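Residue-level structure breakdown
Next come the chains, spelled out residue by residue.
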Amino acid sequence: MYQENYDDVEFGGDVDLVANSYANSNLVEGELDEEELIMQAQAGVQSIPEPVRNFLANLHRNLANCNVGDLAYNYENQFVRLTDKFYGKEPWPEPQYVAALVGDDGLFLTLYRELYYRHIYSRLHPSMETRFRSFENYCDLFNYILNSDGPLELELPNQWLWDIVDEFIYQFQSFCTHRSRVSKRTPEEIELLKENTQVWNTYSVLNVLYSLIQKSSICEQLEAGQQGGDVTEAAGDFGVRPLYKMLGYFSIIGLVRVHCMLGDYTLALQTLENVELGNSRALFTRVTACHVTVYYYVGFAYLMMGRYADAIQSFVHILTFVSRTRQYHQRSYQFDAVNKKAEQMYALLAIAVSLSPVRVDESIHSYLREKYGDQQHKMQRGGDEATEIMSELYLYACPKFIMPNPPSYIDVEAAGSAMEPQNFQLKIFLREARLQLVIPTLRSFLRLYTTMDLDRLSTFLDMAPAELRNQLMVYKQRCRQIKWVGSPDLLKGEITSTTDLDFALQEDMIFIAESRVGRRYADWFIRNTNKIQDLVNNMENRQKTTIANAGKPKAEESSAASDAATPATAAVEA
Amino acid sequence: MANTSFDRPSTRPDEIHSLLIGVERYNPQKAGVLEDYLARQCANPDPASNHDLMANLALLKMYQFNPDLVDLDVIRRILAKALISQSQGDFNLCLYLLSDEICSDASIGKLLVLRDYLEGAQFDKFWKEMYGVEDDDDESVVDGIAGFDNGLRRLIIGEITSTYQTVAAKAVEKMVNLDEEAVLRLCKEHNWPADSNGIITLPLKSENEAKNTVIKENVKFEQLTKILSAANDI
C-alpha cells in the first residue's frame, strides 16, 4: 500500500502493478518516507466527512462484535445513502486512509476494499489497474475464508454475502468482455494481459465457487434436508456456520450463472439438483436479488434448450412474485437491479409465448400485451421481420456471454469476429425459433376446420403440397416437449403436448382435433363455501359473546360494551 | 417418465459417472478418457444404449476451455450421434458449446446442413446430401458410427407413425430411402397391414390419433379439507 504512494511520487508514469519487490528503493529513504506518509495519511483521514467516519467506525465495531442485525442496517441503508450523498461521482476514501482511521484490521480492510471496488465498477469506469487490484482483493478474501484453520467467527448479513458472490462473477464477466475487445486495448494493456494470465482466470473463478460449495458441504445439507435426514451432521464443522452455509449456497447460484454465460445450459440446470425450486421457503428466497436471479437463469436455460413451456412457467412465476411485492422493495439499489431483470424477463417471455402459445396469468398477459403486443404479432407471422424483432429482444434480455479463454492478441481480426459469443448463441437460437414458428402459423389455419384436404390447405398457405407435408411433420415433432413436473431434477420431465391443436394425416386428408379446457367450477364453489362458513362462524361467535356478556354484573358493563364492539368491527371487516 | 437424454444410461461406467459429477470434468488430462468413451459409443450399434449425451457435452466443454485440445473428428462424431438421438434438442445443446470457428469447418458445416433438412422433415434432400455425390473422395460425414442408418430410420419412422394414420408406401420409400421390397419387409416387421393400392395402415397411438379432448378439472382432496371439517362440526 505504502509503496503505491512512493511510486507516484518518484516514478511518474511507470505503473508497476503486480507486486514486485521494492526492497531496493525502500532502504535508501527510510525516515523521510515514514513522515511523509504519515502526513499524507492524516490529511487523507481529515478529508473524510464526519458522517462517513462515523459510519466506518460503526461498521468496524459491528463487524468485530459479529452484530449481524446492525451490520445489515449499516450495509443496506447507510452505505447506500452515504454513497448517494458524498460519492455519487467519485470513489470512496482510499483504503489506506481508512486503515489509518480504524487501525490495521486486515479483514475489515479487505471487506472495505471489496465495497470500494464495487462502487467504482458501478458508478465509475474501472481501469485495468483497478481490475487487477480488485481480483487480488478477492483472492485475499477467499483465501482467508477458505484456508483458515478452523471455522471463522465472522458473520455477515445474507444480502452482503450474496452481493460479494454476485459482484465477483460480474467483475469476472466484465473482465472477459473487456479483454476480448482486443482492438480497443492499448499495447501496454495487452502486454499486461499476456503476462498476467492468472488474473481473472476462468479456472480460478470456478475454483473459488467449487471450493466454497465443498467447504460448506451445502449439497449434502440440501440433500439431507430433502430426504429428512440430519442436516447438522451433514453440514460438518464449517457448514453449520451461516457464513459458510450461505456462501456455499450462493456459490451454487453463482455457478448456474457462470455455466449459462458459457453456453452450458444442461450443466447449469444440473447444478441446481438439490435446490427445490417449488419450495417457497427455500434459502434463495431470503435475498430478493438471488430469488430473481435463480428464476431468470433457469427460465433462460429452458428457453435455450427449446423447452418453452418450462421457460414460460419459470418467468411467469417470478414475474408474479415481483409485481406482487413491488411495494415492499423501497431499497433503491436492489430495486433497480430487480426491476431491470424483470424487464428483461418480460422480453424473453414475449419471445417464448410467441413460439409456444399458452395462456398465462391475467395480469402478466395484460402487461405483456401492452409492452410487446405489437412485436408478438410480428414474431408470430414469421419471416424476416420476425427474426429481426426476436434478435432485438434477445440481445436486450440475454445474459452477457463470455469466452473462457483469452483471445489471440496477435491475430486481431480473427479475435474481433470470434469474440462476440452472444451472436453465436443468438444464431443457434434463431434457427430453432424459425422451425418452431411453424406451430403458430399452422395452428391459426388448422383451428378453423375439422377436416381439410392437404392440397387445399397448401393453396391457402401458398406453398407446395410437399412442403406443407414436411411442415406438418415438423409441427408434430415440435409440439411435443419435455415438461418439468416437479421432480428435484430440473432436467427431467414428461413428454407432453404443448399445443391444444392436434391432427392426423390419412394420406392426403388432415383430421384435426382440438383439446378444450373444461369449465372450472370447483374452485369457485370451494372458495365461496369457505367464505360463507367463515361469516356464519363470526356471527355465531358474536352471538355467543353478547349472550355471555349479558349475564355479567353491571360494574363490567363498560368493558363489556367495548368488548362487544370489537368483535362487531372485526366481523364487519372480515 | 420417458427416458430422456439426461438420465444416466445403463451402459455408463462408474468411472465416467464420477468424472462427470465432480470437478475432474475440468481436468484437461481427462479428455482422453472421454474420447475413448465416445469411441466405445460409436462402436456400439444398439441405439438404445449407445448415446451418452452428458458425457459428450462434458467433452465439448473441455474443448471450449482448452482450444488446443480440439479434435474436429471427435466433434463431428458427437454431432452425428446427436443428430439421430431420440430427443430432438440434443444437437442444439452440443452446438451451444462450439464456436464460429469450429462451425466453419467443412464436415461440421455439412452436418449442420443435414440437420436442417432432417429437422425440416425434408427427407429427400437429406438423403441426397448424405449419399448423393458418387465420386465423393472424402469419407462420408457420418463415418465410423455403427448403427447410424438404423438409428436414423428409426427416427424417421417414429415421425411418420406420429403424423400419419394411413400413408402411401411410395411416400415412405422416399422418406426412408429404401426400395419397395425393403419397405414391405419393414411393414411386415412392424405388423402394418398394406393393402393392394400400396396404402399402409399405421397403428393408432396417442400421437397420431386425432381426438377431441376436454381437459377436465382435477379437484384435489386437500382443497376440500376446510369444507369437510366444517361439515363435520355441524
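What this report covers is the structure whose coordinates are included nearby. (Residues numbered from 1 in each chain as written. Chains lettered and ligands numbered in written order. Predicted model: local features only at pLDDT ≥ 70, side-chain atom pairs only at ≥ 80, totals over all residues. Heavy atoms only, no water.)

**Some points on the overall build of chain A**
Scanning chain A from terminus to terminus reveals 27 helices and five strands. Taken across its 574 residues, chain A has 50% of its residues classed as buried. Summed over its atoms, the accessible surface of chain A is roughly 28,000 Å², and 51% of this surface lies on carbon and sulfur atoms. (Helix = DSSP H or I, 4+ residues; strand = E, 2+ residues; numbered from the N terminus. Buried < 20%, exposed > 50% of the residue type's maximum accessible area, 1.4 Å probe, protein only. Areas by Shrake-Rupley, 256 points an atom, 1.4 Å probe, with all protein chains shown as cover.)

**Overview of the packing of helix α9 (residues 158–180) of chain A against helix α14 (residues 242–261) of chain A**
All names here are of chain A. Direction vectors running N to C along α9 and α14 enclose 30 degrees, while the axes themselves pass 9 Å from each other. As the angle between them shows, α9 and α14 are arranged roughly parallel. The way α9 lies across α14 gives a crossing that is right-handed. On α14, the residues touching Asn158, Leu161, Trp162, Val165, Asp166, Ile169, Tyr170 and Gln173 of α9 are Leu243, Met246, Leu247, Phe250, Ser251, Ile253, Gly254, Arg257, Val258 and Met261. Split into classes, the residues belonging to the contact of α9 with α14 amount to twelve nonpolar, four polar and two charged. (Axes fitted to C-alpha atoms, helices over the stretch in contact; angles between N-to-C directions. Parallel < 35°, antiparallel > 145°, perpendicular 65-115°, else oblique. Left-handed = near helix turned anticlockwise from the far one by under 90°. Contact = heavy atoms within 4.5 Å. Nonpolar A, V, L, I, M, F, W, Y, C, P; charged D, E, K, R; others polar.)

**Details of the interface of chain A and chain B**
Across the contact, 64 residues belong to chain A and 61 residues belong to chain B. Across the interface of chain A and chain B, roughly 5,800 Å² is buried in total on both sides, 57% from carbon and sulfur atoms. For the interface between chain A and chain B, the tally reads five salt bridges. Among the salt bridges present, the one from Arg431(A) reaches Asp116(B), with a minimum N-O distance of 3.0 Å. Our enumeration of links across chain A and chain B arrives at 20 residue pairs in polar contact (both at pLDDT 80 or more). Each residue belonging to the side of chain A that touches chain B can be placed in one class, and the counts come to 29 nonpolar, 16 polar and 19 charged. (Buried area = accessible area lost by both parts, 1.4 Å probe. Salt bridge = Lys/Arg side-chain N within 4 Å of Asp/Glu carboxyl O. Polar contact = N/O pair within 3.5 Å; in protein donor to acceptor, adjacent residues only side chain to side chain.)

**Digging into the pattern of salt bridges**
Residue and element names in this part refer to chain A. Counting across every chain of the model gives 24 salt bridges over all chains. Across the salt bridge formed by glutamate 343 and lysine 371, the nearest N and O atoms sit 2.4 Å from each other. Of the two residues, glutamate 343 sits in helix α18 (residues 332–355) while lysine 371 sits in helix α19 (residues 362–381), which places them 28 residues apart along the sequence. Given a relative accessible area of 38%, lysine 371 falls into the partly exposed group. Overlapping salt bridges, with partners in common, bring together Glu114, Arg118 and Asp163 in one network.

**Re the pairing of strand β1 (residues 164–168) of chain B**
Of all five residues making up β1(B), four are buried, and the element is well covered by its neighbours. As paired elements, strand β4 (residues 501–506) of chain A and β1(B) share two bridges and run parallel to each other. Bridging across to β1(B), Leu505(A) finds its partner in Tyr164(B). By the bridge criterion, three bridges tie β1(B) to strand β2 (residues 199–201) of chain B in an arrangement that is antiparallel. Considered in β2(B), the bridge of Thr166(B) is made with Thr201(B). (Pairing = 2+ DSSP bridges.)

**Remarks on the environment of Gln436(A)**
Residue and element names in this part refer to chain A. Its place among the elements puts glutamine 436 in helix α22 (residues 421–436). Exposure remark for glutamine 436: the relative accessible area of 1% places this residue in the buried category. Between the C-alpha atom of glutamine 436 and that of glycine 382, which follows or precedes it by 54 residues, the distance is 9.9 Å. Leave out the neighbours within four places in its chain, and glutamine 436 touches Tyr308, Leu355, Ser356, Arg478 and Gln481.

**Quick word on the packing of aromatic side chains**
For any pair of aromatic rings, geometry is given as the distance between the ring centres together with the angle between the planes. Per the stated rule, a full pass over the model turns up 37 aromatic pairs over all chains. Centre to centre, the rings of Tyr475(A) and Phe503(A) are 5.5 Å apart; their planes meet at 50 degrees, and the pair counts as tilted. A residue pair is termed long-range when its members are at least 10 positions apart, and Tyr475(A) in helix α25 (residues 465–478) and Phe503(A) in strand β4 qualify at 28 residues. Measuring from ring centre to ring centre gives 5.5 Å for Phe126(B) and Trp127(B), while their planes differ by 80 degrees; the resulting arrangement is edge-to-face. On the accessibility criterion, Phe126(B) (0% relative accessible area) is buried. (Phe/Tyr/Trp six-rings, centres within 6.5 Å; stacked < 30°, edge-to-face > 60°.)

**What to know about helix α8 (residues 123–131) of chain B**
Three or more residues of α8(B) are buried, namely Phe123(B), Phe126(B), Trp127(B) and Met130(B). All buried residues of α8(B) lie within an arc of 90 degrees about the axis, which places them on one face of the element. In this structure, the buried residues of α8(B) make contact with α25 of chain A together with α7 (106–119), α9 (148–163) and α10 (169–176) of chain B. (Arc of directions from axis to C-beta.)

**Regarding helix α24 (residues 454–461) of chain A**
All names here are of chain A. By the burial criterion, the buried members of α24 are Leu454, Leu457, Ser458 and Leu461. Within α24, the buried residues cover an arc of 100 degrees as seen down the axis, which keeps them to one side. Of the surrounding elements, those touching the buried residues of α24 are α23 (438–446), β1 (451–453), α25, β4 and β5 (509–517). Looking at the residues trailing α24, positive phi occurs at aspartate 462, about 60 degrees.

**Describing the nonpolar core**
Residue and element names in this part refer to chain A. In this structure, Tyr249 and Phe429 are the most contacted members of the largest nonpolar core, which totals 236 residues. It is helix α16 (residues 288–305) that contributes the most residues to this core, 14 residues altogether. Setting aside residues no more than four positions away along its own chain, tyrosine 249 makes contact with Ile218, Leu222, Val275, Ala282, Leu283 and Phe284. (Core = buried A, V, L, I, M, F, W, Y, C linked by side-chain atoms within 4.5 Å.)

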